[in-house]
Structure formats: structure tokens, C-alpha cells
Amino acid sequence: MPALLDVTDFGALPGHPHTDAAPAARAALRAARAAAGPVQLRFPPGEYHLWPDRAHGRELYVSNTVGDDPRHRVKSIALLVEATDDLVIAGEGARLVLHGLQTTFAVLDSQRVRVEGLEFDIAVPTVVDATVVGAGVAAGRAYRLIRVPAATLFSVEGASIRWHGEALDSGGFAWSGRDALAYTQIHDPAGQRTWRGPNPLFEDVRSIRLVGERDIRIDYAYPEEPADLGLVYSMRSRTRDHPGALVLDSCDVTLSRLRFRFLHGFGVVAQTSRDVTVEGCEFRAPPDSGRHSAGFADFIQFAGCSGRAVVRDCLFDGPHDDPINVHGSYLRLAGQPDPRTLELAYPHPETAGFPQFAAGDQVELVDRATLQAIATATVRTVRQPSGRDHDQPLRTILVTVDVELPDGLVGWTAVENVTRTPTVRIVRNIFRNVPTRGVLVTTRRAVLIEENRFEHMGMAGIYVSGDAAEWWESGPVRDLTIRGNKFIEPGGPAIHLDPRSTRRAPGHAVHSGLFVTENQFVLDGVPALDAKSTRGIRFRDNSIVQRGQETPDIVLRSCFDVRIELDGAGPP
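Okay, so let's go over this structure.

So, how was this worked out
- Residues numbered from 1 in each chain as written.
- Predicted model: local features only at pLDDT ≥ 70, side-chain atom pairs only at ≥ 80, totals over all residues.
- Heavy atoms only, no water.
- Helix = DSSP H or I, 4+ residues; strand = E, 2+ residues; numbered from the N terminus.
- Rg over C-alpha atoms; globule rule 2.2 N^0.38 Å.
- Buried < 20%, exposed > 50% of the residue type's maximum accessible area, 1.4 Å probe, protein only.
- Contact = heavy atoms within 4.5 Å.
- Areas by Shrake-Rupley, 256 points an atom, 1.4 Å probe, with all protein chains shown as cover.
- Lys, Arg positive; Asp, Glu negative; His and termini not counted.
- Charge placed at Lys NZ, Arg CZ, Asp CG, Glu CD.
- Pairing = 2+ DSSP bridges.
- Axes fitted to C-alpha atoms, helices over the stretch in contact; angles between N-to-C directions.
- Expected span 1.5 Å × (residues − 1).

1. Brief notes about the overall build of the protein chain
Tallying secondary structure elements over the protein chain gives one helix and 53 strands in all. For 572 residues, the compact-globule formula gives about 25 Å, and the C-alpha radius of gyration of the protein chain, at 25 Å, lands near that figure. Here the C-alpha coordinates of the protein chain stretch approximately 70 × 65 × 45 Å along the principal axes. The buried share among the 572 residues of the protein chain stands at 58%. Of the contacts formed within the protein chain by residues at least 6 apart in sequence, a portion of 72% connects residues at least 24 apart. Here the protein chain has roughly 21900 Å² of accessible surface; of this, 47% comes from carbon and sulfur atoms. Considering the protein chain, the positive charge centre built from 62 side chains and the negative charge centre built from 72 side chains are found 1 Å apart.

Right, dumping it as C-alpha cells:
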């Protein structure tokens, strides 16, 4: 039997909003780490508040966030599980409210960890959801009345609004910005659609005044009546300074029945970890709160993982980017000191600073233009950043391999660690109010996407890319089964295989092994499948209903070994 610990025994007081539970949580997790054998740490029902002043601080480098920006090296972490094995954190009925800018929890260097039942939220979300509750023309000039949630803090300053976080003891605010901030997406509650677009709220403003506790009237210099009554403009900055949650260099980690009401910075990131499962979780803003955004960016990202990556029975509602993304990282070949040595560089500004290789890992070198493999090798030694400090260069890695490689590879070649690629199961999830794609996946091991429901995605439901020029997210898909899903009026192709290759390699494809069966497609002017440079496509026993303009059901570009069955017909 596991040893039982209760966070209230360490001083946490549920239901006391002005009492910082961070010291108690820290002490309880320290006791769990020191215990011999399995431990269950319990959060009794109630609301707990955690401030960043006494949170854990760790220098960490996380994929798709702020790269090696020195301003954001140290992350504040509300719950830190570090070098701890055989731990269950259980909190059915417990709600944890984070103040300031923090990562909800991090699991570092640990094995057999389970986090279950907790609800996570942030006191002042870093996305402003402004609903247009009134619009018209008065005295020949247009106006809007916008309403913001109770959790949103702001001040009207002349003809401008300053949005901000909580006040800091040191002065200033946890965050602040003006008017439309840097990025906007638009949500239509009536149509249950979300998309990226321009923000007209603060264009040609004549005056702004507060007309209620949460209602703001904006008067304009133009006479045309606004036509956006009921729409929600979700505004934020672009800086992903924290991961929302983090599983790093860990194994056999399960996140179960968690409710993520808001994730600041990025999503739940599993990085260089093995066997990670997310099950029965809800990513959605609190009902009846006036809030619609549950995440600052993606919801879940698996980066450079291995073993099994599993996401099942979850609800994804209201992200600001893709709900699920599974990928590795291409590194640019920047130098060849000798035939067995590769100098590699992190080319994307949002990804840097963490280790990518270990002795014994297999690497593949690819032509960046065709994404075709040109050589494979095994790592012998590596000099790279640790991911926990900045003692080594953060944007370069030096690798020696077991074979001699040809000269002249610098610049046009990228390198992927093919050992750190997971099998993937994405099963029985619901995706809604998504401005982008539902699932992004680029891994060469077996992928099953089954019995999910994709409602009104802003773009594709399932997107398979791979590129060595922009996001540098590797690599090829070779065994992808898409079965028994429902795609309801996506904004782009329901299933989109779109490798970012810029030159064809005759007789070769980037992706292969696609099996699409028993899916239901309800479409409006987009194809069920749009595939480029893919070999071995099997499409059968699917139901397709096209609404609106006439559009091909299938679009294929540079594909071969294809068998398509539509309406019960055999292959063409």
C-alpha cells in the first residue's frame, strides 16, 4: 500500500483565497520525494491559491516557447515533482488557482507518476475575451458595447484600454498590454466556430468609457453600424514564456481526469519523455464565466518523445492554436568539422537549449528540399546543452557518429533523431471551437486516430506536415490509421497530408502507409482528403456528405500506390 500524505497536514487551507498554498504544496512534495516506496499525495476538496513568490523556480528550455531568450530562462512552477518515483497526486474536487504567471505543474526526471482529479485555473487569464453585447449608431457615429469576464483586469485611460494582470509587490503588474494586444481570434458562440482574423474593436476610436462593472462603451469616428453583435474577440500577446504544464525527461506519466480551465504561455508539453498518457481530461474555460479561451496556444504537445503517446476521452474546447501536436525536431546541419562530426543548429527562434541526443541513438540526415533520407548513422558522442542551465551554447550541438559521411552536406541537410519517435493513439476525443487544426502528427511509428469528433475546425481536422524550413517539426509518417472519426464542416481539408517539401524526388514520397476507413465527413466546400507526396493510400468505407459549393472529395498531388473507394465503388 502507498504511504498517504495530505496537503492540509502541511498547512494548506482550502477555501482561504488570501492564503498561499504554495509552501504547503512544496513541503508535501518534498516529503513524497523523501518517502521510501509508493506515495499518494491528496488535495482534499476545496479551492487552493498559489502565488509565484514562493513557487519553485527552475531554468528550463522547452520546445515551441521562447527558445533561448534570457529574459525567460527561469520558469515559476506551482507544483514541482522532481526526481520522484511511484507517486500519485489525487485531488477530486480540488481546484488550484494560480496567481501571476506560472506553470501549473512539472514532472521532471521521474517515473511512474500519476496526477488525477485536480482542476487548474489562473486568477487573471492572459487572454482577454471581449464579447460584443451591443452595437449601433448614435449621433451619426458607430459604437460598440463590449463585456469582459469578471476575472479580466483593466483600466480605461483616455481613448485606450490597458489590460493587465495582478499587481506585484515589487510594483507594476504580472503582465500588461493595450487595446487589441498582439494577436486576436474570433469566436462565434451561436455558430460554434472560432477563427483567426483582424480585430476592429480599436480602429478609429473616438472615445472609451466604462458604463458598468464589466461593460465598456467604445465610440468610433465612422458612421457605419458594426455587424459583429454577439462575437467574442479573444486577444493576447505572443510571448510563450511558460509551458502550461510540463513532463520532462520522465517515464510512465499519466494525467487523468484533470480540468484545465486556462493554460498560460503554452500547453501541456511532454518533452523527451517516454510513455505519457493524457486521459479523461477537460480543456475548457469555466462554464458561465464569460470566458471562452482555455489556452494561450496549443493544448498538448509531445516533442521528441518515445514509447507511447496516448490521448483518450478528452474534451478540447477553446485553444489559441492546435489542441494536439506530436513531432520531433529537425536540426540544421551547420558544419562538418570532419567526416564523422556534425555541427547542428536549432534554427527556429522558439526552440533551443535542450538536449536532443544520447550515445546509441540513430539519426537520419535528410535533404531539406525533398525531405528524403540521404544517410543514417548512430551517435557515438555528443556535446549539447543540458536543458537546465546555459553553461553550454544553447543553439548548437556537436555530434560524432559511427560512419563517415560525405562532404558538402552543410546548409541543405537536416538531422532527425529517429530513436525518439513515439507510437501514437488519439482515441474518443472531442475537438471544438478550434481556430486551427485538431491534430498535428509527424512520427514514423504507428499512429491510430480513432473515434474522435472534430467540430468546425478552423482549418484541417488532421494535419500531417513535416518541414525543414519553417517550424522544423520532423519527420515522415509511415503507418497512419484514421478510423471511425466524425469530421463536421472543417474550414480546410478534413485530412491534410502536406509535407513542406519544395522539390520532388521522382519515385519517392515523403509520407506513406495511410489507411482511412469508416469515417463520417460532413463537408462544406472542402475535400475529405488532400494529400501530397504520399505512397500507399487506402481510402474505403467512408461516408461523405458535401454541402455548399461542389468540391472534389479527394485531392491527390504527387501520390502513388493509391486505392480510393467512394460510394461502394472499387478502386479507379
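2. Some details on the sheet that holds strand E13 (residues 153–157)
As summarised here, the arrangement of the three strands in space is E13-E14-E15, forming an open sheet in which the pairing is antiparallel. Every other strand in the sheet has two partners, leaving E13 and strand E15 (176–178) as the edge strands with one partner each. This sheet shows a mean twist of 20 degrees between the axes of neighbouring strands, independent of strand direction. In this sheet, strand E14 (residues 160–164) lies alongside E13 in antiparallel orientation, the contact comprising five bridges. The residue bridging valine 156 from the neighbouring strand is isoleucine 161, located in E14.

3. Quick notes on helix H1 (residues 22–34)
Here H1 contains 13 residues, and its C-alpha end-to-end distance of 18 Å stays within 8% of the 18 Å for a straight helix at 1.5 Å per residue. What H1 keeps buried is the set Ala22, Ala24, Ala25, Ala27, Ala28, Leu29 and Ala32. Summarising the contacts, the buried residues of H1 are in contact with strand E1 (3–6), strand E2 (39–42), strand E3 (46–50), strand E5 (74–82) and strand E6 (85–90).

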